[in-house]
Amino acid sequence: MYRYDNYDQAMIDARVAEFRDQTRRRIEGKLTDDQFKPLRLKNGLYLQLHAYMLRVAIPYGTLNSRQMHKLADIARKYDRSYGHITTRQNIQYNWIKLEEAPDLLAELATVEMHGIQTSGESIRNVSADQYAGAAADEIMDPRPWAELIRQMTNFMPEFSYLPRKFKIAVIASDQDRTALRWHDAAVKIVRNAAGETGFEVYAGGGMGRTPFLSFRIRDFLPAGQFFSYLQAILRVWNMHARRDNIHKQRMKILVHELGEEEFRRQVEEEFLHFETLGEDFPQAEYDRIAAYFAPPPFETGLSEEIDRSDPDFALWVDRQTVAHKAPGYAIVNISLKPIGGIPGDISADQMDIVADLAERYSFDDLRATHAQNLVLPHVRKSDLYAVWKALDEAGLGAANLDTVTDIIACPGLDYCSLANARSIPVAEKISERFAGRETELGELKIKISGCINACGHHHAGHIGILGVDRKGTENYQLLLGGSGAEDASAAKITGPGFDEAGVVDALEKATDVYLAQRQEGERFLDTYRRIGMEPFKEAIYA
Amino acid sequence: MKIITGNNLKTGAVIWWDGQGWSLHIEDAADVGDRGDQILAVEDAACRVNGGYVIDAEKTAKGPRPLHIKDRVRAYGPTVRADLSLKPADPEAGSWVI
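What you see is a predicted model; the values in this text were computed from it and never measured. (Residues numbered from 1 in each chain as written. Chains lettered and ligands numbered in written order. Predicted model: local features only at pLDDT ≥ 70, side-chain atom pairs only at ≥ 80, totals over all residues.)

Participant: I tried to follow the overall build of chain B on my own but got confused; where do I start?
Facilitator: Counting secondary structure elements, chain B contains two helices and five strands. What you see for chain B is a C-alpha radius of gyration of 13 Å, in line with the 13 Å of a compact globule of 98 residues. Oriented by its inertia axes, the alpha-carbon framework of chain B measures out at about 40 × 30 × 20 Å. Split into buried and exposed, the 98 residues of chain B put 32% on the buried side. (Helix = DSSP H or I, 4+ residues; strand = E, 2+ residues; numbered from the N terminus. Rg over C-alpha atoms; globule rule 2.2 N^0.38 Å. Buried ≥ 20, exposed ≤ 12 C-beta atoms within 10 Å, placed from the backbone.)

Participant: Got a minute to help me understand the overall build of chain A in this structure?
Facilitator: Looking only at helices and strands, one finds 17 helices and 20 strands in chain A. Against the 2.2 N^0.38 benchmark of 24 Å for 542 residues, chain A shows a C-alpha radius of gyration of 23 Å, consistent with a compact globule. Its C-alpha atoms put chain A at 60 × 60 × 60 Å along the principal axes. Looking at chain A as a whole, 53% of its 542 residues are labelled buried.

Participant: What is the right way to read the interface of chain B and chain A from this model?
Facilitator: Frequently, the measure chosen for interface size is the accessible area removed from exposure when the parts meet. Counting residues at the interface gives 21 residues for chain B, matched by 23 residues for chain A. Mapped by element, the contributors of at least two residues to the side of chain B that touches chain A are strand S4 (50–60) and helix H2 (69–76) of chain B. Ranked by residues supplied to the side of chain B that touches chain A, first place goes to H2(B) with four residues. Here the residues of the side of chain B that touches chain A are counted per class, giving 10 nonpolar, eight polar and three charged. (Contact = placed C-beta atoms within 7 Å. Nonpolar A, V, L, I, M, F, W, Y, C, P; charged D, E, K, R; others polar.)

Participant: So what exactly am I meant to see when it comes to the domain arrangement of chain A here?
Facilitator: All names here are of chain A. Partitioning chain A into structural domains gives domain 1 (6–109), domain 2 (142–291), domain 3 (311–393) and domain 4 (408–540). Across the boundary between the two partners, domain 1 contributes 22 residues, which contact 21 residues of domain 3. Residue assignment for the side of domain 1 that touches domain 3 shows that the elements contributing at least two residues are strand S3 (62–63), helix H3 (65–78) and strand S4 (82–85). Here the side of domain 1 that touches domain 3 takes seven residues from H3, the largest share from any one element. Its residues assigned to classes, the side of domain 1 that touches domain 3 shows nine nonpolar, 11 polar and two charged. (Domains from an automatic or database assignment.)

Participant: Would you mind going over the packing of helix H5 (residues 143–153) of chain A against helix H9 (residues 283–291) of chain A with me for this structure?
Facilitator: How two helices sit against one another is set out by the angle between their axes and by the gap between those axes. All names here are of chain A. It is the contact of H5 with H9, at a shortest axis distance of 9 Å, that shows an interaxial angle of 120 degrees. By the angle class used here, H5 and H9 are oblique. In this structure, H5 crosses over H9, and the sense of that crossing is right-handed. Along its contact with H5, which presents Pro144, Glu147 and Leu148, the element H9 presents Tyr286, Ile289 and Ala290. (Axes fitted to C-alpha atoms, helices over the stretch in contact; angles between N-to-C directions. Parallel < 35°, antiparallel > 145°, perpendicular 65-115°, else oblique. Left-handed = near helix turned anticlockwise from the far one by under 90°.)

Participant: What is the right way to read helix H4 (residues 101–109) of chain A from this model?
Facilitator: Because an α-helix completes one turn every 3.6 residues, residues spaced three or four positions apart along the sequence face the same direction. All names here are of chain A. Listing the buried residues of H4 in full gives Ala101, Leu104, Leu105 and Leu108. Along the axis of H4, the buried positions cluster into a sector of 95 degrees, meaning they face one direction only. Check the buried side of H4 and you find it contacts helix H1 (6–27), strand S1 (45–47), strand S2 (52–56), H3 and strand S5 (91–96). (Arc of directions from axis to C-beta.)

Participant: I keep staring at the sheet that holds strand S8 (residues 185–191) of chain A and nothing clicks. Help me out?
Facilitator: The strands that make up a sheet are held in pairs by hydrogen bonds between backbone atoms, and each pair lies either parallel or antiparallel. Residue and element names in this part refer to chain A. Taken in spatial order, the five strands of this open sheet run S6-S7-S8-S9-S10, and their pairing is mixed. Of all strands in the sheet, those with a lone pairing partner are strand S6 (127–128) and strand S10 (215–222), marking the two edges. Pairing of strand S7 (residues 168–171) with S8, which is carried by four bridges, proceeds in the parallel orientation. Residue Ile168 lies in a different strand from S8, and its bridge partner there is Ala185. (Pairing = 2+ DSSP bridges.)

Participant: Would you explain unusual backbone geometry in this entry?
Facilitator: Note: most residues except glycine have negative phi, and most peptide bonds are trans. Residue and element names in this part refer to chain A. Its identity as a non-glycine residue notwithstanding, Gln372 has a phi of 70 degrees, on the positive side. For Gln372, a count of 26 C-beta atoms within 10 Å translates into the label buried. One non-glycine residue with positive phi stands out, namely His457, at about 60 degrees. Secondary-structure assignment places His457 in the loop between strand S17 (446–449) and strand S18 (463–470).

Participant: Looking at this structure, how should I read the sheet that holds S17(A)?
Facilitator: All names here are of chain A. Strand order in this open sheet of five strands is S16-S17-S18-S19-S20, and the pairing throughout is mixed. The strands lining the two open edges of the sheet, one partner per strand, are strand S16 (408–409) and strand S20 (492–493). Across two bridges, the pairing between strand S19 (residues 473–480) and S20 is antiparallel. Its bridge partner lying in S20, Leu479 is registered against Ile493. Where helix H13 (residues 424–434) meets the sheet, it contacts S16, S17, S18 and S19, and its direction lies at approximately 155 degrees from that of S17.

Participant: I would appreciate a short explanation of the environment of A:Asp402 in the present structure.
Facilitator: Residues and elements named next belong to chain A. Assignment of secondary structure puts Asp402 in the loop between helix H12 (384–393) and S16. Overall, the presence of 17 C-beta atoms within 10 Å leaves Asp402 in the partly exposed class. Sequence separation between Asp402 and Gln117 is 285 residues; the distance between their C-alpha atoms is 29 Å.

Participant: Explain the pairing of S4(B) here, please?
Facilitator: Two faces belong to every sheet, and in a regular strand the side chains alternate between them. Residues and elements named next belong to chain B. Sheet topology places strand S1 (residues 2–7) next to S4; five bridges connect them, and they run antiparallel. Across the sheet, residue Lys2 finds its bridge partner in S4, namely Asp56. When S4 meets strand S5 (residues 63–66), the two strands line up antiparallel, connected through four bridges. Each residue of the ladder has a partner; that of Ala57, found in S5, is Pro66. Linkage of S4 to S5, two consecutive antiparallel strands, is achieved through a turn of two residues.

Participant: When you look at the nonpolar core in this model, what are you seeing that I'm missing?
Facilitator: Generally speaking, a soluble globular protein has its nonpolar side chains buried in company with each other. By size, the foremost hydrophobic cluster in this structure holds 174 residues, and its most contacted members are A:Tyr52, A:Ile96, A:Ile233 and A:Val354. Those residues in contact with A:Ile233 that sit more than four places away from it in its chain are A:Ala185, A:Ala203 and A:Val267. (Core = buried A, V, L, I, M, F, W, Y, C linked by C-beta atoms within 7 Å.)

Participant: Explain H5(A) to me, please; I cannot follow it from the model alone.
Facilitator: Residue and element names in this part refer to chain A. For H5, a buried count of nine out of 11 residues is recorded, marking the element as mostly surrounded by other parts of the structure. Regarding H5, the residues found buried are Arg143, Pro144, Trp145, Ala146, Glu147, Leu148, Ile149, Arg150 and Thr153. Tucked inside the fold, the buried residues of H5 contact S3, S6, S7, S8, helix H6 (226–240) and H9. Phe155 sits one or two positions beyond H5 and adopts a positive phi of about 70 degrees.

Participant: I'm lost on the pairing of S5(A) in this one. Help?
Facilitator: Residue and element names in this part refer to chain A. Within S5, six of the six residues are buried, which leaves the element mostly enclosed by the surrounding structure. With four bridges joining them, S2 and S5 adopt antiparallel strand pairing. Looking at the pairing, Arg55 lines up with Gln92 of S5. The pairing of S4 with S5 spans two bridges and is antiparallel. Residue pairing across strands places Ile85 opposite Ile91, the latter belonging to S5.

Here's what the structure looks like:
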């Protein structure tokens, strides 16, 4: 993985010193809350319902054991011994004290981590495939490109005061594990007929109040023009965004209002300007970054055999492991969705255990996923049983990837000051209700948001749930038919909302319709797309 | 009744105006009538509260209960982590929120 050079480290250390001074001045009353708020947000420090919350960037979801151990130390020392994996592959702490935040950030900086650009009107943590460098279906590791974006955009003045937040994803396989088309901009690395590497470029996606899927703005962008084109997109948005209306500031609104063709025309015009300058990223810089992502020294001649005599282990292998590009290896998904548990939460002790497993069994490599799980990307198949045993003993052995109990949920009204309703209790109740039915229901992605901001990705759920405030009472809308994968689509609301118990009942009725109507091999989403909304509505509102 | 809440500037902890100062416990919250903005102006200027605001609450036998669920969650803590609430030993405390 990428390692900071002296320049990277100096910038992060300088930011910590700067924030320490800003915090001191705030506590001494020399800065007002209005003055201080944008400064703390630039370092990922929010004020939530119960305390300050720090969101720590995990660039493209990749971290090593030293970093994970430090995250565990921080959870114990500065928080309440746990953290929460977010839907942008980050981690956040819920109980931070402002007076301790500079010390916390200084400790984070010792392991090349920070909270910069995890908040505010900035380019947020770049998403990438959590299986990068391991996936059997990728054409190359997408992370050097994600790291290039990080380096070219962090602290860049042009991108410091964007109209609104801006989210980017990078993948290199046909299977999309990043919710690519729900991003403001995204690239899929491809090869053309001549074997040249380039990018399919997407623009204008986003969830929130007004969900839009991005459109393909370029079919093939040569690799050497990667950053110029991205910069052209950002520049068109930066120039024309609706800064007068917070609900219309995201780029998706500009794309919608201009239309895809006009937006593309303006981007291409801006891009031509960059081409005349002949400037993009230096190839040597890409090569320097890419060297950090060289494949680990995979052993050869390993056995593909897995002893499946333990049925619980066999089930876990079937659900939680994925094909690896190197013979004899597997990708291991670690579920942070124990039955009845809080999606994405992980204790400090569990962080240490996972870090140790990464160091011992996965070339010191660990990933966070946007679905709020973790990944050990490179595990020998002969080590899978030992890994499973260790995970299971730590309460991390759930076998439910992409099933009804692998639920994405935002923190909701239990933690978040923006939320209108609690998300976690709904997730817990669904998990308890459907525990043991994962095989019966197959792939079923349930995503829950506690407000219209959609941090829980409800628009992209096969079944989505949106919590709203109805006259001071929590109310939950049910949505069907969304996807964040390569078959992306926006979910549609079924009709009137429900109370907490009612929405779980309604969800079960929807799954009953699926079971009754499904054809051979169909997932819930496939059946919904084939038969439409009406049969579900009839059952849910009968 | 009208009560005042906010967050402790240094720690971020949820606090309630008790008539003399700030308490971690909503049971201590005082009815400030129409003096809320006046109190907040003084306390904010002195950096004794961050993001303070006045809310409506009802009087109950157990003390003030905010009318809005968001402030009840703030008063209690995350409903999904009773162990992190101010009353971890009281199994009924969470039911007060909903």
